[in-house]
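Remarks on the overall topology
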Amino acid sequence: MRSVKANFLVKEYINKNPLRVLVRAYSDEEVIPNSIRGFDYIRHPRLNKGLAFTLEERQTLGIHGLLASTVRTQEEQIAICKYSLERYGSPLNKHLYLAELLDTNEKLFYELMSTDVEKYLPLVYTPTVGLVCQRFGLVYKRPRGLFITIHDKGKIHQILRNWPESHVRAICFTDGERILGLGDLGAFGMGIPIGKLCLYTALAGVPPAHCLPITLDVGTNNQSLLEDPMYIGVRQKRVTGSAYDELIEEFMVACVKRYSQNVLLQFEDFALANATRLLDRYKNAYCTFNDDIQGTASVVVAGMYAACRITKKKLKENIYLFLGAGSAGVGIASLLCDAMVEEGISMEEAIKKVYMVDHEGLLSTKRQSGIPPHAVKFGKDMEPTKDFASLVTSLKPTCLVGASTVGGAFTPAILQQMAKNTERPQIFALSNPTVKAECTPQQAYDNTEGRCIYASGSPFPPTKYGGKTYYTGQGNNSYVFPGIALGVIICHARHVPDSMFLSAAKTLALCVTEKDLNLGRIYPHLNEVRNISNKIAASIINRAYDEKLAGMYPKPKDVDCLVQQYLYNTKYINYMPDCYNYPGSDSGIKVKTIEEMIAKSTKKTGSNKGCKK
Ligand SMILES: NC(=O)C1=CN([C@@H]2O[C@H](COP(=O)(O)OP(=O)(O)OC[C@H]3O[C@@H](n4cnc5c(N)ncnc54)[C@H](OP(=O)(O)O)[C@@H]3O)[C@@H](O)[C@H]2O)C=CC1
Ligand SMILES: CC(=O)C(=O)O
Ligand SMILES: [Mg+2]
């Protein structure tokens with residue numbers, strides 16, 4: 001317990017130092033407003049430490065008595081969180097537990113995530129986030145981002161001022177029209193920018209205070225949502241045309257006005273009709289990118305580079321057939337062609353190696369429906385066909401890419417044909433969430449005699465084939481967009497050109513080890529993603545300087561060090577200067593290990609049956 005001398009020193013400190021002096025001493029992202037007092041330290045998720053406030057802190061901050069007397073370490077709290085989380089059965093309930101943790105104790109949430117990214121990522125991201133969006137009316141509790149509606153025209157800057165953080169460096173925004181492969185979810189799409197920005201912090205270390213999720217609510221064409229009493233968005237059909245474009249324009253201008261010209265604006269889950277069009281309009285005028293087009297391209301090309309080490313072929317020695325010629329498909333195909341050009345062939349030759357199929361069939365110059373403008377360059381002078389399986393036979397692709405939203409589209413017959421086309425067929429089943437995957441890893445291995453190289457957009461459990469267990473990787477843009485954003489934010493990049501996405505792809509591919517390849521994955525283990533994001537960020541910063549796009553001069557001598565200095569720290573802030581922290585201010589109950597602590601506690605409180613939600 002605390003000594004008399006310690007008590008005296010704390011009192012003396014408080015007398016000499018008004019609270020506002022005490023609380024100002026933290027890093028930029030952790031500046032605490034002077035208005036914060038007493039109970040606010042517990043109420044504010046950014047400041048709260050739960051039972052980890054020391055006795056001195058409790059007395060100094062005016063929260064003594066508001067907490068039970070025990071003082072816990074963050075490590076102990078993590079163990080309790082893990083234990084509590086395990087008791088929830090369904091992924092949605094686990095998600096709700098985690099969301100509540102984030103709403104009450106931010107550092108504890110991110111520290112928990114960092115202990116096992118592979119385990120917790122599916123709960124805050126795909127596939128669970130798809131379910132969260134579908135049930136967003138039930139899940140929605142407190143503001144975790146801004147809703148800007150079509151009726152807010154002329155007031156967007158004012159609305160941005162209502163967001164309580166003034167140092168926002170990155171905004172992820174959607175209009176909710178193409179949420180994963182689930183279609184138009186309108187304002188329920190808010191789960192996506194929240195989830196994506198959560199990954200900025202969890203996977204790359206961008207401070208949460210620098211991130212702002214936004215939904216542009218322009219209505220929805222999803223009739224069942226319009227009739228759903230739980231729907232929380234504007235109940236009208238989507239606004240399109242000039243009214244829509246004017247909203248986007250005002251939004252882009254307002255973001256820059258509010259948060260500076262270097263604020264990063266990430267387009268997410270826009271429908272095809274708007275995605276490429278808006279990216280083309282804004283990419284050279286703002287610091288912006290479209291994750292579904294460019295981030296996806298980067299991660300898939302990284303996987304293709306890694307696959308080259310297995311096939312012993314170059315990218316240009318493959319034939320690629322895409323099911324889905326939308327944002328993701330055409331984004332991947334375009335970056336892939338850039339990568340093949342780097343291998344020494346012309347763009348014309350590269351494009352010849354890529355065949356694409358959409359709802360209307362092969363992108364053929366002869367088809368009646370024409371080719372959508374964003375995909376014209378991939379049109380082939382061939383007879384039109386809607387028969388995807390016959391193309392797998394006639395074109396003999398060595399790599400199949402699925403970004404179609406059609407679950408199960410890669411049938412056993414198609415996969416068996418791929419096994420005939422080449423020794424090591426590459427199968428990318430990228431559509432999300434899990435039910436939309438074009439095939440499962442089990443189907444892919446079963447129908448290719450275990451010879452395929454497989455990646456999916458959503459995670460799958462390990463797969464057994466022929467006595468071997470495969471740990472397939474996740475071809476998901478989450479491997480790259482957090483690191484790219486980190487680099488862009490740190491060097492104040494003016495734009496985010498395609499070349500940065502190719503740099504990120506190469507950096508990611510280099511992180512794939514021989515062990516990964518042997519286990520059946522062309523991506524690194526997810527628990528490595530924090531380090532990988534740092535490497536990607538460094539590559540982005542270097543490229544920004546090479547291309548004279550960085551907004552911070554002179555170029556730092558040590559880019560890796562610059563990245564490290566920026567990163568969010570998931571460990572608790574020590575609110576007391578070191579000299580006022582005393583040993584022995586804990587509960588006095590000495591427990592050897594965390595597991596022992598939980599075992600003791602459960603023994604006393606009995607079984608936990610019936611506690612599951
Ligand atoms: N793994 C990852 O990191 C990522 C995965 N994705 C996933 O990829 C999927 C597609 O996303 P995105 O490209 O943005 O969506 P888009 O809506 O832009 O494109 C979908 C494409 O699929 C085509 N398509 C739809 N149905 C069929 C069909 N029955 N047969 C053939 N083609 C069809 C569409 O054709 P048409 O236009 O003619 O209707 C369109 O070309 C989603 O499920 C998304 O979750 C997206 C981004 C990243
Ligand atoms: C992963 C992603 O961005 C998508 O499925 O839309
Ligand atoms: Mg997306």
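Note that the structure is predicted; figures quoted are calculated from it, not measured.

**With respect to the sheet that holds strand S9 (residues 399-402)**
Strands sit in the order S8-S7-S6-S9-S10-S11-S14 across an open sheet of seven strands; the sheet is mixed. The open sheet has two edge strands with one neighbour each: strand S8 (361-362) and strand S14 (473-474). Sheet topology note: the strand S6 (residues 320-323)/strand S7 (residues 354-358) ladder contains four bridges and is parallel. Counted as the bridge partner of Tyr320 is Val354 from S7. In the packing of helix H16 (residues 291-311) onto the sheet, the strands contacted are S6, S9, strand S10 (426-429) and strand S11 (453-456), and the crossing angle to S10 comes to about 160 degrees.

**Some remarks on the pairing of S10**
A two-sided burial pattern is seen for S10, the buried positions comprising Gln426 and Phe428 on one face and Ile427 and Ala429 on the other. By the bridge criterion, four bridges tie S9 to S10 in an arrangement that is parallel. Within S10, the position partnered with Val401 by the bridge is Phe428. Crossover connection from S9 via helix H20 (residues 412-421) to parallel S10: handedness right-handed.

**Quick word on the nonpolar core**
Ranked by internal contacts, the top residues of the largest apolar core, which has 114 residues, are Tyr200, Met304, Val354 and Phe428. Among the elements that line this core, the one with the most residues is H16, at ten residues. The residues touching Val354, leaving out its near neighbours within four places in the chain, are Tyr320, Phe322, Ala333, Leu336, Cys337, Met340, Phe378 and Lys380. With 33 residues, the next largest nonpolar core counts Tyr244, Tyr259, Phe270 and Tyr282 among its residues.

**Things to note about the coordination of the magnesium ion (ligand 3)**
Around the magnesium ion (ligand 3), the protein contributes the donor atoms Glu268 (OE), Asp269 (OD) and Asp292 (OD), at 2.0 to 2.1 Å from the metal centre. Sequence spacing among the residues donating to the magnesium ion (ligand 3) works out to E-D-x22-D. With Glu268 in the loop between strand S4 (264-267) and helix H15 (272-282) and Asp292 in helix H16, this pair connects stretches of sequence that are 24 residues apart.

**A closer look at the pattern of salt bridges**
Two side chains with opposite charge may pair up if their charged atoms get near one another. Counted under the stated rule, the structure contains 29 salt bridges. Glu177 is paired through a salt bridge with Arg238; the nearest N and O atoms lie 4.0 Å apart. Of this pair, Glu177 sits in the loop between strand S2 (170-174) and helix H12 (191-204) while Arg238 is found in the loop between helix H13 (223-226) and helix H14 (241-259), placing the two residues 61 residues apart along the sequence. The residue Arg543 makes a salt bridge to Glu547 at a minimum N-O spacing of 2.9 Å. Taking the relative accessible area as the measure of exposure, Arg543 reaches 27% and is therefore partly exposed. Here the residues in one salt-bridge network are Asp175, Glu177, Asp184 and Arg238, joined through shared partners.

**Focus on the UniProt feature "binding site: a divalent metal cation" (unreviewed entry) in the protein**
Within the UniProt annotation, "binding site: a divalent metal cation" (unreviewed entry) is assigned to Glu268, Asp269 and Asp292. Sequence-wise these annotated residues cover 25 residues; spatially they are packed, their C-alpha atoms never more than 6.7 Å apart. The residues contacting Glu268, other than those within four sequence positions of it, are Cys172, Phe173, Thr174, Ile192, Lys196, Asp291 and Asp292. Aside from chain neighbours lying at most four places away, what touches Asp292 is Arg178, Phe267, Glu268, Asp269, Phe270, Ser327, Ala328 and Asn477. At 2.6 Å, the side chain of Asp292 forms a polar contact with the backbone nitrogen of Asp269.

**Things to note about the packing of aromatic side chains**
A full pass over the atoms with the stated rule returns 20 aromatic pairs. On the basis of an interplanar angle of 80 degrees and a centroid distance of 5.9 Å, the ring pair of Tyr140 and Phe147 is categorised as edge-to-face. On the basis of relative accessible area, Tyr140 is assigned to the partly exposed category, the value being 33%. Note on Phe147: relative accessible area 25%, which makes it partly exposed. The interplanar angle of 50 degrees and the centroid separation of 5.6 Å between the aromatic rings of Phe289 and Phe501 together place this pair among those described as tilted. One end of the pair, Phe289, is in strand S5 (residues 288-290); the other, Phe501, is in helix H23 (residues 498-510), with 212 residues separating them in the sequence. Looking at Phe289, the relative accessible area reads 0%, which means it is buried. A connected cluster of aromatic rings, assembled from ring pairs, spans Phe136, Tyr140, Phe147, Phe188 and Tyr231. Sitting over the ring of Tyr355, Lys380 keeps its end group 5.2 Å from the ring centre.

**Brief notes about the site of ligand 1**
What surrounds ligand 1 is a group of 25 residues, the closest being Arg178, Ala325, Ala328, His359 and Asn477. A distance of 2.9 Å separates an oxygen atom of ligand 1 from a polar backbone atom of Ser327. Only H16 and helix H17 (327-342) provide two or more residues apiece to the shell around ligand 1. Of the residues assigned to the shell around ligand 1, the class counts are eight nonpolar, 14 polar and three charged. When residues of the shell around ligand 1 are assigned to domains, at least three fall in each of domain 2 (99-270) and domain 3 (294-565).

**Some details on the side chain of Ser298**
Note on placement: Ser298 falls in helix H16. For Ser298, a relative accessible area of 0% gives the class buried. Here the side chain of Ser298 touches Ala505 through a polar contact of 3.4 Å, landing on its backbone nitrogen. Each residue touching Ser298, except ones within four places of it in the same chain, is listed here: Leu335, Val480, Phe501, Ala504 and Ala505.

**Some remarks on the site of ligand 2**
Ligand 2 sits among Tyr125, Arg178, Leu180, Lys196, Glu268, Asp269, Asp291, Asp292, Asn432, Asn476 and Asn477. One of the side-chain nitrogen or oxygen atoms of Lys196 is found 2.9 Å away from an oxygen atom of ligand 2. For ligand 2, the accessible surface in isolation is 220 Å², of which the surrounding protein chains cover 91%. Among the residues forming the shell around ligand 2, the class breakdown is two nonpolar, three polar and six charged. In this structure, the shell around ligand 2 is formed jointly by two domains, domain 2 (99-270) and domain 3 (294-565), each of which donates at least three residues.

**Structural notes on the UniProt feature "binding site: (S)-malate" (unreviewed entry) in the protein**
Per the UniProt record, "binding site: (S)-malate" (unreviewed entry) is found at Arg178, Asn432 and Asn476. With respect to the helices, strands and loops of the structure, Arg178 is situated in the loop between S2 and H12. Dropping the residues within four chain positions of it, Arg178 is found in contact with Gly183, Asp269, Phe270, Ala271 and Asp292. Separated by 3.1 Å, the side chains of Arg178 and Asp269 make a polar contact. Classification of Asn432 as buried rests on a relative accessible area of 15%. What Asn432 contacts, discounting residues up to four positions off in sequence, is Thr126, Leu180, Gly181, Gly457, Ser458 and Asn476.

How each quantity is defined
Residues numbered from 1 in each chain as written. Chains lettered and ligands numbered in written order. Predicted model: local features only at pLDDT ≥ 70, side-chain atom pairs only at ≥ 80, totals over all residues. Heavy atoms only, no water. Pairing = 2+ DSSP bridges. Helix = DSSP H or I, 4+ residues; strand = E, 2+ residues; numbered from the N terminus. Contact = heavy atoms within 4.5 Å. Axes fitted to C-alpha atoms, helices over the stretch in contact; angles between N-to-C directions. Buried < 20%, exposed > 50% of the residue type's maximum accessible area, 1.4 Å probe, protein only. Right-handed = clockwise from strand over helix to strand, strands pointing away. Core = buried A, V, L, I, M, F, W, Y, C linked by side-chain atoms within 4.5 Å. Donors = N, O, S within 2.8 Å, 3.2 Å for Na, K, Ca; no water. Salt bridge = Lys/Arg side-chain N within 4 Å of Asp/Glu carboxyl O. UniProt positions renumbered as here; feature names shortened; annotations may be inferred. Polar contact = N/O pair within 3.5 Å; in protein donor to acceptor, adjacent residues only side chain to side chain. Phe/Tyr/Trp six-rings, centres within 6.5 Å; stacked < 30°, edge-to-face > 60°. Lys NZ or Arg CZ within 6 Å of the ring centre and 35° of its normal. Near = heavy atom within 4 Å. Nonpolar A, V, L, I, M, F, W, Y, C, P; charged D, E, K, R; others polar. Domains from an automatic or database assignment. Areas by Shrake-Rupley, 256 points an atom, 1.4 Å probe, with all protein chains shown as cover.

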